[in-house]
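# Summary of structural features
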Amino acid sequence: MGKKIAILGSTGSIGRQALEVVDSQGYSVAALSAGRNIDLLEQQILRYRPPVVAVADVALAEVLDRRLDGMEKRPVLLAGPDAARNTVGECDADIVLNAIVGIAGLSATLTALSAGTDVALANKESLVAGGSLVMREQAVRGGKLLPVDSEHSAIFQCLQDPYSAESLSKIILTASGGPFYGKTAAELENMTKREALAHPNWSMGQKITIDSATLMNKGLELIEAMWLFDMRPEDIEIVVQRESIIHSMVEFEDGSVLAQFGVPDMRLPIQYALTWPLRVRGPAPRLDFEKLKSLSFGRPDEQTFRCLAACKKAAEKGGLAACAANGANEQAVALFLEDRIGFNDIGRLVEGCVDAESYAGDYQLDDVYACDAAARRYVLERAGI
Ligand code: NAD
Ligand code: MG
């Protein structure tokens, strides 16, 4: 098919799986980008021969630059915090897969959409922090957002029939519940990084794995779904589906519910975003119903998992509240991973930050970054750092 794909965040969990999909579909790679992992990036460059490469860390980019000396047809190498975004203008990708983690991915999403390029979006933080700007760019410039997050891919798949899509009444967003499902706040107080990083169903980057343990991930996904499918928070129900086989559901006006089933394997939603509207064979295994036997459902415990409650509050508040929740969470997760705060402190800090201001009103890109910086400062100050 010969599609040209730019993969931003190619050294991460989603980026590496995206390259497996590229292998299976025979696509070519228009650009690769990484934050700091230049060892893996170098291997990927030698194998996929992209014309453009980006590294966020300037010093590491210089190291990579020297290593690529003498390479035949060496790629253009961009360095610095804006490098990933700048690859979008430098390469001629048919589609940009944004698999950068955190608000660092926002500018690349906006740049690709504003060039009219489709974006396969794994970077949910783009929509959480700057949702109205991203949606405006999509509406005005014609680049299309194709969800990679498994839940949003499931919803998107359930809404492919335009007649049904018009009578959507509710989204049922499924959650695995994470490694601490059923635990009390007291039991969570002393949870360690190692325990929080042991997710039962999915193997992911560290930040999203912690987000899954705190249920922040589901809160971020609630906000992501509001933007992608134009829904109000009260029209999105979160249901725990422990086996991660039902990736989400939609309910229509007549009460009929459609669900998307599949093995918990991110290559499936990544591939669908890249092949849409077509479905083709790929590397993900098939679902075996005999092995599966049963599916179980439950409710998330918002009293214990305050990150989810905080995201719901932020969704109700609108404006920059979700951006503040996201920034506070990124900072708090970084501190937790450095063993500087406890597990429950993440929820306390995110909720405290959302409660601290009204965050109301329209915003521009500068306001997003200012709000993100203020939320990070809030967390550092409250944590006594
Ligand atoms: P990861 O930590 O494994 O990879 C992140 C990638 O981003 C790496 O390539 C890293 O080098 C790059 N990066 C980090 N900081 C950067 C910066 N400042 N500038 C440019 N690049 C930077 O993360 P992941 O698990 O692959 O997740 C990536 C995104 O996809 C996140 O937004 C996450 O929420 C979302 N997502 C992940 C999964 C999953 O299964 N892993 C599922 C759904 C959604
Ligand atoms: Mg998800």
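Below, the structure is looked at part by part. Note that the structure is predicted; figures quoted are calculated from it, not measured.

### Regarding the overall build of the chain
The helix and strand tally for the chain stands at 18 helices and 12 strands. By the compact-globule yardstick of 21 Å for 385 residues, the chain fits well, its C-alpha radius of gyration being 20 Å. With respect to the three principal axes, the spread of C-alpha positions in the chain is 60 × 50 × 40 Å. The 385 residues of the chain split such that 55% are buried.

### Comments concerning unusual backbone geometry
With an omega dihedral of 5°, the bond running from Trp-276 to Pro-277 counts as a cis peptide bond. With respect to the helices and strands, the residue Pro-277 is situated in the loop between helix 13 (267-275) and helix 14 (289-292). A positive phi angle, close to 50°, is found at Lys-73, a residue other than glycine. Note on placement: Lys-73 falls in the loop between helix 3 (58-67) and strand 4 (76-79). The phi angle at Asp-230 is positive, at roughly 55°, despite the residue not being glycine.

### Re the coordination of the magnesium ion (ligand 2)
Binding of the magnesium ion (ligand 2) to the protein goes through Asp-149 (OD), Glu-151 (OE) and Glu-221 (OE), at separations of 2.1 to 2.2 Å. The sequence motif formed by the donor residues of the magnesium ion (ligand 2) is D-x1-E-x69-E. In this structure, Asp-149 and Glu-151 share a single accessibility class: buried.

### Here's the deal with the site of ligand 1
In the vicinity of ligand 1, 23 residues are found, and the nearest of them are Thr-11, Ile-14, Gly-35, Glu-125 and Gly-205. Here an oxygen atom of ligand 1 and a backbone polar atom of Gly-35 are 2.7 Å apart. Within the backbone of Ala-122, one N or O atom sits 3.4 Å away from an oxygen atom of ligand 1. Notes on ligand 1: free accessible area 830 Å², of which the protein chains cover 84%. Looking at the shell around ligand 1, the elements that each hand over two or more residues are helix 1 (13-25) and helix 6 (124-141). In terms of residue class, the shell around ligand 1 is built from 11 nonpolar, 8 polar and 4 charged.

### So, the packing of helix 12 (residues 216-229) against helix 15 (residues 306-317)
Describing two packed helices takes the angle between their axes plus the distance from one axis to the other. Running from N to C, helix 12 and helix 15 point in directions that differ by 25°, and their axes come no closer than 7 Å. By the angle between their directions, the pair helix 12 and helix 15 is classed as roughly parallel. Judged by the twist between their axes, the crossing of helix 12 over helix 15 is right-handed. Across from Met-216, Lys-218, Gly-219, Leu-220, Leu-222, Ile-223 and Met-226 in helix 12, the residues of helix 15 making contact are Cys-307, Leu-308, Cys-311, Lys-312 and Ala-315.

### Describing helix 17 (residues 343-356)
Residues that lie three or four places apart on an α-helix share one face, since the helix turns once every 3.6 residues. For helix 17, with 14 residues, the first-to-last C-alpha span of 21 Å sits near the 20 Å given by 1.5 Å per residue. Listed in full, the buried residues belonging to helix 17 are Phe-343, Asn-344, Ile-346, Gly-347, Leu-349, Val-350, Glu-351, Cys-353 and Val-354.

Parameters and conventions
Residues numbered from 1 in each chain as written. Chains lettered and ligands numbered in written order. Predicted model: local features only at pLDDT ≥ 70, side-chain atom pairs only at ≥ 80, totals over all residues. Heavy atoms only, no water. Helix = DSSP H or I, 4+ residues; strand = E, 2+ residues; numbered from the N terminus. Rg over C-alpha atoms; globule rule 2.2 N^0.38 Å. Buried < 20%, exposed > 50% of the residue type's maximum accessible area, 1.4 Å probe, protein only. Donors = N, O, S within 2.8 Å, 3.2 Å for Na, K, Ca; no water. Near = heavy atom within 4 Å. Polar contact = N/O pair within 3.5 Å; in protein donor to acceptor, adjacent residues only side chain to side chain. Areas by Shrake-Rupley, 256 points an atom, 1.4 Å probe, with all protein chains shown as cover. Nonpolar A, V, L, I, M, F, W, Y, C, P; charged D, E, K, R; others polar. Axes fitted to C-alpha atoms, helices over the stretch in contact; angles between N-to-C directions. Parallel < 35°, antiparallel > 145°, perpendicular 65-115°, else oblique. Left-handed = near helix turned anticlockwise from the far one by under 90°. Contact = heavy atoms within 4.5 Å. Expected span 1.5 Å × (residues − 1).

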